[in-house]
Amino acid sequence: MREDMTRRPDWVVERLDVRLDGDPELPEFVRLALRRNARRAHLLVSTVLGKHIPADPHAVHETGLELGRQVAKSLEGCSALVVGFAETATGLGHTVAEALAAPYLHSTRRAAPGVAEWAGFEEEHSHASRHRLLPHDRALLSEGEVLVLVDDELSTGRTALNTIAALHARTPRSRYVLAALVDLRGEADRHRTAHFAAEHGVEIDVVALASGSVTLPATFLADAAAVVATAPDAAPGAAGTAAVISYLDSWPPSARESGRHGFRPEDVTAARAAAIGVAAAVAPQCGDRVLVLGTEELMYAPTLIALELAERLPHVRISSTTRSPVFAIDEPGYPIRSALSFASHDQAHDGPGTRFAYNIPAGLTDIVLVVDADADSPQLHGGLVEQLRARAERVHLVVLPCHHPVPEPLRAPTFGSYPRDDVAWLLTDLSGVALEAPIEEREEAIQSGGAHYAESLPIEYQPDDAYQRLFERALEASAARIAHAVGVVTEMVLAERGPEPVLASLARAGTPVGVLMRSWAQFAHDMRLPHYTLSIVRGRGIDTVSLRYLAAQHDPAQVVFVDGWTGKGAIARELGAAVLAANAELGTLFRAELAVLADPGSCVRTFGTRDDFLLPSACLNSTVSGLVSRTVLNRDVLAPGQFHGAKFYRELANADMSARFVDAIVSRFADVAAEVARDWPIVQAGDRAPTWAGWAEVERIAQAYGIEDVNLVKPGVGETTRVLLRRVPWAVLVRPDAGAELHHVRLLAQQRGVPVHTVDGLTFRCMGLIHPKYTRAATGADGFAAAR
């Protein structure tokens, strides 16, 4: 097709008096077409990119390599980082980087939830102008002495200069190279480039395989608009009947599918091997006329697959779908002879829209459609796939696994008030999102089934002076006891998961405990354990994005999940099921076990104590947990690929007791060290099998008080405190021998007008009952008394 195109007279030149002048080889690389774009009506269509015009994959690949070789000459031995422009030049940039054995990144218009934009710039004449750079490893943008920017053509050079301006502000370099198949800049554009270089004190070289110019008549925009108006927009084609053969596992997950988030020289080797595997699976099912069809920015992997298929089959061509709206007309000498249109099938940053596939020839035996997993959507199957079924005898759908970079953890001082090294927050910062609702309003929504408790936040309770003094007295009275429990549980973790376990606390009740365990390991053994905190939500499971991050950084078998205490064991059960499911999904070996400071519910094997006593960290909310809210899982504000969310309440800094709590306990480590050394081996050697006594107790109390939902019964000092702080409490049950440790519970109950009842035979010191007014008939204390 390429040879046929270059022999024909140019339809746009003849009809609209446009001149394409330059090097003799220029027509070998580009043809003129018309855009459906009022800002820039002409389009240079490459014959060797494998984009709009199906091309020989060997010619596509060799052209990119040749451009890379020419760039190498200009580098004069300097190292390079290559950046390609979406969407047309993504594959070309890949091949230039391959020729240079250089790291590569291409810009994207794809939505990438959870990945922060490193830089962005504008393509001024484009219908979709915003480009974003989303490297997984931000250090990638600092690599290479020379930055090589690759595009299919340089028309004005403005996009390249916009890119250099954005990147030079972040990682300045002294040299830049603009590489393109064709350089069609006019004199004014060349002067602009030279002026920009002088203004920024940099050197900008241009490397192109052909140069020339496009001369447009004064009436061109109007004339082009009139021509385009004579034909309707590309319409969806008829659905066909060809068989669809899917290949879901032929490309291994270990091979990156594109340079959207970064691509290194070693990734080329993996991608070439993966392409061989795909071709080996597909070729035996194919006839003698095959088109490999890439999708938008995904061009390099389809080209590699086409190269391997061409080694096995007689006639293979490569092209790609596009978001570019081009005027199509079946006229000799015009490069866009036919068009298919279909709805977008992936998450575009600028929202859904119409996509196109041009020049798909008749008489094909097979179309090999290559997509990544994120684009393998119902829209794909109901749109593009259905239309392709009318264009060939068979459609082969090859789905490549997506490389999903996980977001980076948050750290102080930008998030949380603990020292930076004490904890990394595997959370998404939702500080600017309105999520708080009155307690009664939240309770009604939760109990009526209209909302999950993790979709909103309660308004943070701020204690009065009397309650704050009670916290201080409780902290002073229990600091040594807590220090002992911290030492015992940490020593057991070190003995069972040594030599260097990774602490993964469950935010937020587990976060202070993780900080304390890390402090004990440093105090007793001069060990600086990694400590992360992540979210788990009852009924929704653990944050698998966080697990993916941990698995990328550490051996999952070394990760120890940490929490503050157990009650009926709902979180311990949730963790067990969620981790097993995550292991199956991610192929990891996380251990579905929980280590806690206090295990009064007898739900875990690793604990500091099984006594139900006051942990002062339960007395407060964010002001004892690094000023961080309870975690949020709300898909209206969190996109796929993001960590669960939380808020950082910077405005409460004056009331922050997080450091006070930790320091008070750490100050007692030396006092309890000898006791810990004596006691932890005894605890470890004892009968630690969970009895789930807490769960049995909750079921007994729920039945006795006519409560249908066991989640409305919260056992233990810590859970009762949280009921009084966050929920709509119905009553508090206390054991006769509860003693002074429940002063704060009695004070909170008094402040909220909640009755406190002494009940014989409780396993726990106290239990909090959430008001079941939204699930059954009950009214105040009388309703409670009737239920008893």
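Keep in mind it's a predicted model, so treat the numbers as computed, not measured.

**So, the overall build of the protein**
No. 1: A tally of regular secondary structure across the protein gives 22 helices and 33 strands.
No. 2: Structurally, the protein occupies a C-alpha span of about 100 × 55 × 50 Å along its principal axes.
No. 3: Counting over 788 residues, the protein shows a buried share of 59%.
No. 4: In the protein, 78% of the contacts between residues at least 6 apart in sequence involve partners at least 24 apart.
No. 5: Accessible surface for the protein amounts to roughly 29,500 Å². Of this, 51% is attributable to carbon and sulfur atoms.
No. 6: Treating the 76 positive side-chain charges of the protein as one cloud and the 97 negative ones as another, the clouds have centres 3 Å apart.

**Here we look at the pairing of strand β22 (residues 502–506)**
No. 1: Burial analysis of β22 places five of its five residues in the buried class, the great majority of the element.
No. 2: Because side chains alternate across β22, one face comprises the buried residues Val502, Ala504 and Leu506, and the other comprises Leu503 and Ser505, equally buried.
No. 3: The pairing of β22 with strand β26 (residues 559–565) spans four bridges and is parallel. Note on β26: the bridge partner recorded for alanine 504 is phenylalanine 561.
No. 4: Pairing of β22 with strand β23 (residues 531–534), which is carried by four bridges, proceeds in the parallel orientation. From the neighbouring strand, leucine 503 faces β23, where its bridge partner is histidine 531.
No. 5: Handedness of the crossover joining β22 and β23 through helix α14 (residues 510–525) is recorded here as right-handed.

**Regarding the environment of alanine 557**
No. 1: Within the fold, alanine 557 resides in the loop between α15 (544–553) and β26.
No. 2: Along the chain, alanine 557 and leucine 589 lie 32 residues apart, while their C-alpha atoms are 5.8 Å from each other.
No. 3: With residues up to four places along the chain from it excluded, the contact list for alanine 557 reads Arg497, Leu589 and Arg591.

**Quick look at the sheet that holds strand β30 (residues 713–715)**
Two orientations exist for strands paired in a sheet by backbone hydrogen bonds: parallel and antiparallel.
No. 1: Judged by pairing direction, the sheet is mixed, and its four strands sit side by side in the order β30-β33-β31-β32 without closing on themselves. Edge positions in the sheet fall to β30 and β32 (756–758), since each has one partner strand and no second. Neighbour-to-neighbour, the strand axes of this sheet turn through a mean angle of 20 degrees, independent of strand direction.

**A closer look at α14**
No. 1: The end-to-end C-alpha separation of α14 is 22 Å, in line with the 22 Å expected for 16 residues at 1.5 Å each.
No. 2: Of all the 16 residues making up α14, 12 are buried; the element is thus mostly covered by neighbouring parts of the structure.
No. 3: If you check which residues of α14 are buried, you get Gly510, Thr511, Pro512, Val513, Gly514, Val515, Leu516, Met517, Arg518, Ser519, Trp520 and Ala521.
No. 4: A positive phi of about 55 degrees marks aspartate 526, the residue just after α14.

**Describing the confidence of the model for the protein**
No. 1: Looking at the protein, the pLDDT average stands at 88 and 92% of residues meet or exceed 70.
No. 2: Below pLDDT 50 for its whole length, residues 1–7 participates in 13 contacts with residues either more than four positions away or in separate chains.
No. 3: Taken together, the stretch residues 774–788 has pLDDT below 50 and engages in 26 contacts with residues farther than four places along the chain or on a different chain.

**A closer look at the sheet that holds β23**
No. 1: With respect to topology, six strands assemble into an open sheet ordered β18-β23-β22-β26-β27-β28, the strand pairing being parallel. Unpaired on one side and paired on the other, β18 (424–425) and β28 (606–609) mark the two borders of the sheet.
No. 2: Taken together, the two bridges between β18 and β23 define a ladder with parallel strand orientation. Looking at β23, one finds that alanine 424 is bridged to tyrosine 532.

**Some words on the side chain of glutamate 153**
No. 1: Mapped onto the fold, glutamate 153 is located in strand β8 (residues 146–154).
No. 2: When neighbours within four sequence positions are excluded, glutamate 153 is seen to be in contact with Arg40, Leu44, Ala180, Val182 and Leu184.

**A word on the pattern of salt bridges**
No. 1: Counted by the stated rule, this structure contains 40 salt bridges.
No. 2: Between arginine 260 and aspartate 372 there is a salt bridge, and its shortest N-O distance comes to 3.8 Å. You can see arginine 260 sitting in the loop between β11 (243–247) and α9 (265–282) and its partner aspartate 372 sitting in strand β16 (residues 364–372), a full 112 residues away along the chain.
No. 3: Measuring nitrogen to oxygen at the nearest pair gives 3.8 Å for the salt bridge that ties glutamate 296 to arginine 323. Linking glutamate 296 in the loop between β12 (290–294) and α10 (300–310) with arginine 323 in the loop between β13 (316–320) and β14 (339–343), this pair joins segments that are 27 residues apart in sequence. For the pair formed by glutamate 296 and arginine 323, the shared burial category is buried.
No. 4: Several salt bridges share partner residues, and in doing so they unite Arg110, Arg260, Glu297, Asp346, Asp372 and Asp374 into one network.

So, how was this worked out
Residues numbered from 1 in each chain as written. Predicted model: local features only at pLDDT ≥ 70, side-chain atom pairs only at ≥ 80, totals over all residues. Heavy atoms only, no water. Helix = DSSP H or I, 4+ residues; strand = E, 2+ residues; numbered from the N terminus. Buried < 20%, exposed > 50% of the residue type's maximum accessible area, 1.4 Å probe, protein only. Contact = heavy atoms within 4.5 Å. Areas by Shrake-Rupley, 256 points an atom, 1.4 Å probe, with all protein chains shown as cover. Lys, Arg positive; Asp, Glu negative; His and termini not counted. Charge placed at Lys NZ, Arg CZ, Asp CG, Glu CD. Pairing = 2+ DSSP bridges. Right-handed = clockwise from strand over helix to strand, strands pointing away. Axes fitted to C-alpha atoms, helices over the stretch in contact; angles between N-to-C directions. Expected span 1.5 Å × (residues − 1). pLDDT = per-residue confidence, 0-100. Salt bridge = Lys/Arg side-chain N within 4 Å of Asp/Glu carboxyl O.

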